[in-house]
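Okay, here's what each chain looks like letter by letter:
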Amino acid sequence: MTTAAEFDTSQGYRLNPQVALRPEPFGALAYHFGNRKLSFLKVPELVDLVRGLGDHATVEDALLAVPEARRASFRRALASLAATDMIHPR
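One numbering rule holds for all chains: residues counted from 1, following each sequence as written. In keeping with the predicted nature of the model, local features appear solely for residues at pLDDT of at least 70, side-chain atom pairs appear and are counted solely at 80 or more, and the whole-chain, interface and lining totals rest on all residues. Heavy atoms throughout the structure, all of them, feed into the side-chain values; hydrogens and water do not.

Asker: Quick rundown of the packing of helix α1 (residues 44-52) against helix α3 (residues 71-83)? Include the residues and the values.
Answerer: For helices, the axis comes from a line fit to the C-alpha atoms of the stretch in contact; other axes are also lines fit to C-alpha atoms, and the angle between any two N-to-C directions lies between 0 and 180 degrees. Where helices and strands are cited, they refer to DSSP runs of H or I of at least four residues and of E of at least two residues respectively, numbered from the N terminus. Direction vectors running N to C along α1 and α3 enclose 55°, while the axes themselves pass 11 Å from each other. One element, α1, and the other, α3, form an angle in the oblique class. Relative to α3, the crossing made by α1 is right-handed. Here α1 contributes Glu45, Leu46, Leu49 and Val50 to the contact with α3, which in turn contributes Phe74, Ala77, Leu78 and Leu81. Note on residue categories: nonpolar means Ala, Val, Leu, Ile, Met, Phe, Trp, Tyr, Cys or Pro, charged means Asp, Glu, Lys or Arg, and polar means any other residue, Gly included. Here the residues of the contact of α1 with α3 sort into seven nonpolar, no polar and one charged. What sets the label is the angle itself: under 35 degrees gives roughly parallel, over 145 gives roughly antiparallel, 65 to 115 gives roughly perpendicular, and the rest give oblique. Left-handed describes a crossing whose near helix is turned anticlockwise from the far helix by less than a right angle; the clockwise case is right-handed. By definition in these notes, contact holds between two residues if any of their heavy atoms fall within 4.5 Å.

Right, dumping it as structure tokens:
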């Protein structure tokens, strides 16, 4: 499991196969069947980013689809998801 401090956006990440995303009006609920953690993805753009992480060589490549002004907050959200093993390095 990656801690938020260790989250490296120059690496490729993907949604953990043990995680299910349930669409919600605000974004999605992420449930990890292994560690039973629940996370709220509060914006639909973050849900799209998380779903598509595995299609990109690095997190930074995936973030190119996000407006530059929002990238820092998305990096923090992804670091938090990595710290709870919702996403993990490929």
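Back to the text.
Asker: Describe in detail the packing of aromatic side chains, supporting the description with residues and values.
Answerer: Here the aromatic set is Phe, Tyr and Trp, taking the six-membered ring for Trp, and pairing holds for ring centres within 6.5 Å; pairs whose planes are under 30 degrees apart are stacked, those over 60 apart are edge-to-face, and all others are tilted. For the coordinates displayed, the defined rule picks out three aromatic pairs. Seen from their ring centres, Phe7 and Tyr13 are 4.8 Å apart, and the 55° between their planes marks the pair as tilted. Residue classification places Tyr13 among the buried positions, given a relative accessible area of 1%. Between Tyr31 and Phe33, the aromatic rings sit 4.8 Å apart at their centres with planes inclined by 85°, giving edge-to-face as the arrangement. Accessibility here uses a 1.4 Å probe with only protein chains present; expressed as a share of the type maximum, an area under 20% marks a residue as buried, one over 50% as exposed, and anything in between as partly exposed.

Asker: Can you explain the side chain of Ser39? Please cite residues and give values.
Answerer: Along the chain, Ser39 turns up in strand β4 (residues 38-41). Apart from residues no more than four positions distant in its own chain, Ser39 is found in contact with Ala28, Leu29, Ala30, Leu81, Thr84 and Met86.

Asker: Any chance you could break down unusual backbone geometry for me, citing the residues and the numbers?
Answerer: Non-glycine residue Arg36 carries a positive phi angle of around 65°. Judged by its relative accessible area of 65%, Arg36 is exposed. Positive phi outside glycine occurs at Asp85, with the angle close to 65°. Looking at the secondary structure, you find Asp85 in the loop between α3 and β5 (87-89).

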